[in-house]
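Residues per chain are reported as follows:
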Amino acid sequence: MNQAGMIASVIAIAACLVLALRNPEMRTMGAGKAVRLAAIWAAIIIGLVLVIQFSGFRIEP
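Residues numbered from 1 in each chain as written. Predicted model: local features only at pLDDT ≥ 70, side-chain atom pairs only at ≥ 80, totals over all residues. Heavy atoms only, no water.

Draft legend 1. Fine view of the overall build of the protein. Helix and strand counts for the protein come out as 3 helices and 0 strands. Tracing the protein from N to C terminus, the helices and strands come up as α-α-α. For 61 residues, the compact-globule estimate of 2.2 N^0.38 gives 10 Å, and the C-alpha radius of gyration of the protein, at 14 Å, exceeds that figure by more than 25%. With respect to the three principal axes, the spread of C-alpha positions in the protein is 45 × 20 × 15 Å. Counting the 61 residues in the protein, one finds 3% classified as buried. Element-wise, carbon and sulfur atoms account for 73% of the exposed surface of the protein, whose accessible area totals about 5,200 Å². (Helix = DSSP H or I, 4+ residues; strand = E, 2+ residues; numbered from the N terminus. Rg over C-alpha atoms; globule rule 2.2 N^0.38 Å. Buried < 20%, exposed > 50% of the residue type's maximum accessible area, 1.4 Å probe, protein only. Areas by Shrake-Rupley, 256 points an atom, 1.4 Å probe, with all protein chains shown as cover.)

Shown next, in the form of structure tokens:
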């Protein structure tokens, strides 16, 4: 993945987390639980990226 694609992916992931945290149900559950859920999702996404990187899986046009 080139540098521009990686930057776009990071921005997209951050935007998804912001949208999820703006949900009214997230506001009522408290900051601690919201941070915990965001950390879990970040770990899942980072784990998937690492698996894809180390497996050598590439999508060629």
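Draft legend 2. Representation of helix α3 (residues 31-55) in the model. Across its 25 residues, α3 extends 36 Å between first and last C-alpha, which sits within 8% of the 36 Å expected from 1.5 Å per residue. Directly after α3, the chain includes Gly56, whose backbone phi takes a positive value near 80°. (Expected span 1.5 Å × (residues − 1).)

Draft legend 3. Molecular detail of the confidence of the model for the protein. When the pLDDT values of the protein are averaged, the result is 80; 93% of them are 70 or greater. Ranking the elements of the protein by mean pLDDT puts helix α2 (residues 24-28) last, at 76, and α3 first, at 85. (pLDDT = per-residue confidence, 0-100.)

Draft legend 4. Structural detail: a nonpolar patch on the surface. On the surface, Ile40, Trp41, Ile44 and Leu48 cluster together to form a nonpolar patch covering roughly 390 Å² of accessible area. Along the polypeptide, Ile44 turns up in helix α3. (Patch = residues over 30% accessible without salt bridge, like charges linked within 9 Å, V, L, I, M, F, W, Y side chains within 5 Å. Salt bridge = Lys/Arg side-chain N within 4 Å of Asp/Glu carboxyl O.)

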